[in-house]
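Listed here are the chains, written in short residue letters.
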Amino acid sequence: MKAFTEFLHWVETTPLAIFVSQSTYGFAAIDMFHIASVSVVFGMIAILDLRLIGMAFTDFSVTDLSRQVLPWTWVAFVIAAITGGLMFTGQAVKYSVNFAFLVKIALIALAGLNVLVFHFITYRGVAKWDQGVPVPWAAKLAGAMSLVIWIAVAAYGRFTASYMFQ
Amino acid sequence: MMAELSQWVGSLPISLAMRRITWLIPMLQTLHILSIGIVLSSVVMIDLRIWRASRSGTAIARSERFMPWMWTALAVATLTGIALMFGAPRSWRDGAFVAKLYLMVAATIATVALPIMLRRNDCGGKDAGVPPSSSGLRPWCYGSAQRLRDADDGSPAHLAGERFFSLSPQAGRGERCGQMPGRALHSARKMSAGPGSGD
């Protein structure tokens, strides 16, 4: 744990971290891209989640909707991860003890696990429930989990910021 | 001016009360950000159809499908935004906030205009508003061209060209439907006349 804290201290001294923590508009600009990309991740994946749960967009097939929604989700997620990582470097030690931040990271890991299970197990049989028939409970559960987790990720992101700067 | 206004709002009892509840501002921000996410994703879903990156349904049906989500989310974003103006007035004392308001007005006008434009360019409910990417013809509406493409099962090009013209009068409700630029009209005629007819 001590070695990890030392590592985080070192991270804060890297040129990139110094730029993030010292520049007047650097952090604000990165934060802007982070929030915008997180909102796109949520907005796009929510469409697929609602389809899986069966609450909306049932006139689209699951595969058609996935094709339209997932590329945007992934691109936005990568931007969110990069900008999030950048912001982390600026105050790595302080983030590492921020409770809301740790919850957020745990939730993202859970979302990742949910995606893996859905993609490699549940989604394999998509041809059977692509359109016009009820979605199996495993897919419904994946959709509901994704929706809840991403709302919580956004909320804990805001709590992270409010703990950091109060 | 905005600086004084934000300072005054910040001194109001409601603003003070809101800031005393520690979780309220982050919660409102979360709702604000998530609803903006729904607005953005609705726009993407409508635009994907308009850009023809997706081909399921018509552009009008797609816009009717996602517009209610978009307007509801926009209303939530606006309401939470107004609440945040009271709860966190420091955030709008600089120029960026004023710029955001102007951009919101522009975006709202574009959102109101979009379904109107789609309907105006509606070709018998088939398709609208998008120029075909490959042919180089650029009519506003090409419901007939879409039908042509749908019907194109490897038949000779001149036949396809004829089909374009035979379909276009019935295709459109709007004036623009089936309208083609002069040069394209010329080459299409040439195609339908077949090789060697000369002109």
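Parameters and conventions
- Residues numbered from 1 in each chain as written.
- Chains lettered and ligands numbered in written order.
- Predicted model: local features only at pLDDT ≥ 70, side-chain atom pairs only at ≥ 80, totals over all residues.
- Helix = DSSP H or I, 4+ residues; strand = E, 2+ residues; numbered from the N terminus.
- Buried ≥ 20, exposed ≤ 12 C-beta atoms within 10 Å, placed from the backbone.
- Contact = placed C-beta atoms within 7 Å.
- Nonpolar A, V, L, I, M, F, W, Y, C, P; charged D, E, K, R; others polar.
- pLDDT = per-residue confidence, 0-100.
- Axes fitted to C-alpha atoms, helices over the stretch in contact; angles between N-to-C directions.
- Parallel < 35°, antiparallel > 145°, perpendicular 65-115°, else oblique.
- Left-handed = near helix turned anticlockwise from the far one by under 90°.
- Expected span 1.5 Å × (residues − 1).
- Bend = angle between axes of the 7 residues up to and from the residue.

1. Points about the overall build of chain B
Check the secondary structure of chain B and you find eight helices and zero strands. Secondary structure elements of chain B occur, N-terminal to C-terminal, as α-α-α-α-α-α-α-α. In chain B, buried positions account for 30% of the 199 residues. In chain B, of all internal contacts separated by at least 6 residues, the share reaching a separation of at least 24 is 67%.

2. What to know about the overall build of chain A
Across its full length, chain A carries eight helices and zero strands. Put simply, chain A runs from its N terminus to its C terminus through helices and strands in the order α-α-α-α-α-α-α-α. Summarising its shape, the C-alpha atoms of chain A cover approximately 55 × 35 × 25 Å along the three principal directions. Here chain A holds 166 residues, and the buried ones make up 37% of them. Relative to all contacts within chain A whose residues are 6 or more apart in sequence, the contacts with residues 24 or more apart total 80%.

3. Quick notes on the interface of chain B and chain A
Of the residues lining the interface, 16 residues belong to chain B; the matching set on chain A comes to 19 residues. Split into classes, the residues belonging to the side of chain B that touches chain A amount to ten nonpolar, six polar and no charged.

4. So, the confidence of the model for chain B
Confidence along chain B averages 71 in pLDDT terms, with 61% of residues attaining 70 or more. Across residues 127-199 of chain B, confidence stays below pLDDT 50; counting only partners more than four residues off in sequence or on other chains, it has 97 contacts.

5. A word on the packing of helix 3 (residues 24-50) of chain B against helix 4 (residues 59-87) of chain B
All names here are of chain B. The interhelical angle for the contact between helix 3 and helix 4, taken along N-to-C directions, is 160°, at an axis separation of 8 Å. The angle between helix 3 and helix 4 places the two elements in the roughly antiparallel class. Relative to helix 4, helix 3 is oriented so that their crossing is left-handed. When grouped by side-chain class, the residues that make up the contact of helix 3 with helix 4 number 21 nonpolar, eight polar and two charged.

6. Things to note about unusual backbone geometry
The bulk of non-glycine residues show a negative phi, and the bulk of peptide bonds are trans. Residue and element names in this part refer to chain A. Located in the positive-phi region is Phe 57, a residue other than glycine, with phi close to 60°. Mapped onto the elements, Phe 57 comes out in the loop between helix 3 (26-53) and helix 4 (62-90). Classification of Phe 57 by C-beta neighbours within 10 Å gives buried; the count is 21.

7. Observations regarding the packing of helix 2 (residues 15-22) of chain A against helix 4 of chain A
Two quantities define a packed helix pair, namely the angle between the helix axes and the distance between the axes. All names here are of chain A. Where helix 2 meets helix 4, the axes come as close as 7 Å, and the angle between the chain directions of the two elements is 85°. Between helix 2 and helix 4, the interaxial angle falls into the category roughly perpendicular. Residues Leu 16, Ala 17, Val 20 and Ser 21 of helix 2 form the contact with helix 4, whose participating residues are Leu 86, Met 87, Thr 89 and Gly 90. Looking at side-chain class alone, the contact of helix 2 with helix 4 contains five nonpolar, three polar and no charged residues.

8. Some details on the environment of Met 145 of chain A
As for its position among the elements, Met 145 of chain A is in helix 8 (residues 137-165). In sequence terms Met 145 of chain A and Ala 28 of chain A are 117 residues apart; their C-alpha atoms lie 31 Å from each other.

9. With respect to helix 4 of chain B
Residues and elements named next belong to chain B. The end-to-end C-alpha distance of helix 4 is 40 Å, a good match for the 42 Å that 29 residues give at a rise of 1.5 Å each. Phe 66 marks where helix 4 bends most, by close to 35°; the proline Pro 68 follows one to four residues later. On its buried face, helix 4 sits against helix 2 (13-20), helix 3 and helix 5 (95-120).

10. Observations concerning the environment of Ser 11 of chain B
By secondary structure assignment, the location of Ser 11 of chain B is in the loop between helix 1 (2-10) and helix 2. For Ser 11 of chain B and Pro 89 of chain B, which are 78 residues apart along the polypeptide, the C-alpha to C-alpha distance reads 9.5 Å.

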